[in-house]
Amino acid sequence: MNKPLVAALASLAITGIGTAPAVAVPRQAAAVTVNFAGTVSLSNCSGSVIRFPNSADSDPALVLTNGHCLETGFPDPGEVITGQSSSRTFGLLNSSGTKVATLRANQVVYSTMTDTDVTIYRTTTTYAAIKSSYGISPLTVSSTHPVAGTAIKVVSGYWKTIYSCAIDGFVYRLKEGDWTWKDSVRYTSACNTIGGTSGSPVIDTSTGQVVAVNNTGNEDGERCTVDNPCEVDANGTVTVRQGINYAEETYNIPACFTTGNVLNLSASGCTLPKP
């Protein structure tokens, strides 16, 4: 995992060295401008203010980051946290990466490190209020599966750095220590994300929408250990790619939220792990 930058969470991986797999050719499409607007900095991670295709301007604004960035510690394998109180703060960034406001959470809506690596916070404000006060709109989470070869940018609010690369492919199972993630995104080698980039939105440059959340990479070339995730295919074959980094898809999240940005894990089409 791309480690949060605090000693207590030092077991998460810094990435960015080693040998890369074959580089995918990015799809040719008219690119949209990708900047820092709508991203946030956490105390130890990155994140973004997100909305879903059916969200309303009057809905409470949500913040997306990693499960392993949760302030109460890593969720255990198989654990799903919902409705947990939180007062976490987030530095809201404008297009140039300048902090323009502090947002505050009042709830961990959803958090897990099982099958995926996500935390979604509910804030005390609305999209409309953020737009009115700061001129900043949320990032929209795509509801369709990403495509190999897509040009992407990984936008870190913590480091105020944007990484540009492409989706190299997808990993049937990505295993790191006790955690296993499904259908993970593998980057081409240009996205050499580092500690503190955990939770960064992965943005499709042709649509400007979030297609994944950055979370890990293989640091030392070890096999399936903490800091060193390995790829496991459907036949159980293990592949280690030192220096290559990964993200967890987000297209399956919108189906789990209903009117008012309310989580409903029983909603039709919702495939997120349940408590």
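As the structure is a computational prediction, the values presented were derived from the model and not from experiment.

(A) Looking closely at the overall build of the chain. For the chain, the helix and strand inventory stands at 1 helix and 18 strands. By sequence separation, contacts in the chain at least 24 residues apart represent 68% of the contacts at least 6 residues apart. In the structure as shown, the chain presents an accessible area of about 10300 Å², 49% of it carried by carbon and sulfur atoms.

(B) Broad picture of the packing of aromatic side chains. Counted by the stated rule, this structure contains 4 aromatic pairs. Ring geometry for Phe52 and Phe257: centres 4.7 Å apart, planes at 35°, overall tilted. A residue pair is termed long-range when its members are at least 10 positions apart, and Phe52 in the loop between strand E2 (46-51) and strand E3 (60-65) and Phe257 in strand E17 (residues 257-258) qualify at 205 residues. Considered together, Phe52 and Phe257 belong to a single accessibility category, that of buried residues. The ring of Tyr127 has Arg51 lying over it, and the distance from NZ or CZ to the ring centre is 5.5 Å. We note Arg173 situated over the ring of Tyr172; from NZ or CZ to the ring centre the distance is 4.1 Å.

(C) Seen up close, the pairing of strand E16 (residues 245-249). Burial runs high along E16: 5 of the 5 residues are buried. Inspection of the sheet shows strand E11 (residues 179-187) paired to E16 by 2 bridges, in the antiparallel sense. Residue pairing in the sheet places Val185 in a bridge with Ala247 of E16. Of the strand pairs in this sheet, strand E13 (residues 210-217) and E16 are connected by 5 bridges, and their pairing is antiparallel. Counterpart to Ala212 in the pairing with E16 is Glu249.

Thresholds applied
- Residues numbered from 1 in each chain as written.
- Predicted model: local features only at pLDDT ≥ 70, side-chain atom pairs only at ≥ 80, totals over all residues.
- Heavy atoms only, no water.
- Helix = DSSP H or I, 4+ residues; strand = E, 2+ residues; numbered from the N terminus.
- Contact = heavy atoms within 4.5 Å.
- Areas by Shrake-Rupley, 256 points an atom, 1.4 Å probe, with all protein chains shown as cover.
- Phe/Tyr/Trp six-rings, centres within 6.5 Å; stacked < 30°, edge-to-face > 60°.
- Buried < 20%, exposed > 50% of the residue type's maximum accessible area, 1.4 Å probe, protein only.
- Lys NZ or Arg CZ within 6 Å of the ring centre and 35° of its normal.
- Pairing = 2+ DSSP bridges.

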